[in-house]
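What follows is each chain in one-letter form.
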Amino acid sequence: MKKRSVWLAVLFLLMSLLLVACGGGDADTAETEGAADTQPADTGTTDTQEEPAPAAEEKVKVRIFVGLGTGTDPDQIGAQEALAEVFNAEHDTIEIEFMIVPNEESTTRLVAMMSGGESPELVGPGGVDVAAAYFDMWEDITPLIEAENFDTSDFYGAAVELYDYPEKMVGLPLGMFPSFIFYNKDLFDAAGVDYPTTDYDDTSWDLDALREMAMELTLDSNG
């Protein structure tokens, strides 16, 4: 606005010079007319200064750190970039940016950012292992959910509970992936071996139990 005012002043000065140069007549007439022209014309306005335009509101940038879990495959990157483009086009005051970091570098990069006071606003997608491994880093999102009256029933209830610890709620199940094992019931039936437990509280189910069960289902060269 200051630069514009300077140019307007220069333009008015040039116009005044042109008007004086085109006045014509002798010196006395020019002096008389010049004296008469020194009175400002009544334009009916008292303030010709333009009001400064309001400053454009700066967008809040939300960085989403991707790399601790999934999200770095080419197809996933394309989908994330498309999501960011649609979201940013629909919002005037907020902008999201996906930070794609190779998985082998992600832990070092995230810790370095947080140590340097440049923590990303969001991290994901990731499974329950990511939530637990970096537990102390996460903010409790419970106050945000309550303030926005956010309806978590849109998510699968058991998945929400996986992120709701006694100390705090660390995330929402968006893009999480479970861990699971497929097994062939026919093989178990033929070998007379009980199926693996489906009780998550059964602490007897571990890698040693998995190995023993696999050996019972495996035939050697003698059958």
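Residues numbered from 1 in each chain as written. Predicted model: local features only at pLDDT ≥ 70, side-chain atom pairs only at ≥ 80, totals over all residues. Heavy atoms only, no water.

> I'd like to hear about the layout of surface pockets, residue by residue, with values.
Approximately 1600 Å³ is the volume attributed to the largest pocket. Around the largest pocket sit 49 residues that line it, and E121, L122, V123, L172 and L174 are the ones nearest its centre. For the lining of the largest pocket, the leading source of residues is helix α3 (residues 74-90), giving five residues. Its residues assigned to classes, the lining of the largest pocket shows 33 nonpolar, 13 polar and three charged. (1 Å grid on protein atoms, 1.4 Å probe; cavity = no way out; pocket = protein on both sides within 12 Å on 5 of 7 lines; lining within 4 Å. Points joined across faces, edges and corners; volume = space filled by probe spheres on them. Helix = DSSP H or I, 4+ residues; strand = E, 2+ residues; numbered from the N terminus. Nonpolar A, V, L, I, M, F, W, Y, C, P; charged D, E, K, R; others polar.)

> Outline the pattern of salt bridges, supporting the account with residue identities and numerical values.
Pairing of side chains with opposite charge becomes possible as their charged atoms draw close. Using the criterion set out here, one finds four salt bridges in the structure. Salt-bridge contacts for K61 lead to E97; the nearest nitrogen and oxygen are separated by 3.4 Å. Taken together, the positions of K61 in strand β1 (residues 60-66) and E97 in strand β2 (residues 94-100) put the pair 36 residues apart, joining distant regions of the chain. A relative accessible area of 34% means that E97 is categorised as partly exposed. Where salt bridges share partners, they join K61, E95 and E97 into one cluster. (Salt bridge = Lys/Arg side-chain N within 4 Å of Asp/Glu carboxyl O. Buried < 20%, exposed > 50% of the residue type's maximum accessible area, 1.4 Å probe, protein only.)

> Quick rundown of the packing of aromatic side chains? Include the residues and the values.
Given two aromatic rings, their pairing is described by the distance between the two centres and the angle made by the two planes. One pass over the full model with this rule turns up seven aromatic pairs. Look at Y183 and Y195: their rings are 5.7 Å apart centre to centre, the planes differ by 40°, and that puts the pair in the tilted class. With Y183 in the loop between α7 (157-162) and α8 (185-191) and Y195 in the loop between α8 and α9 (207-216), this pair connects stretches of sequence that are twelve residues apart. Looking at Y195, the relative accessible area reads 36%, which means it is partly exposed. Each residue in the set Y183, F188 and Y195 is aromatic and connected to the rest through ring pairs, giving one cluster. (Phe/Tyr/Trp six-rings, centres within 6.5 Å; stacked < 30°, edge-to-face > 60°.)

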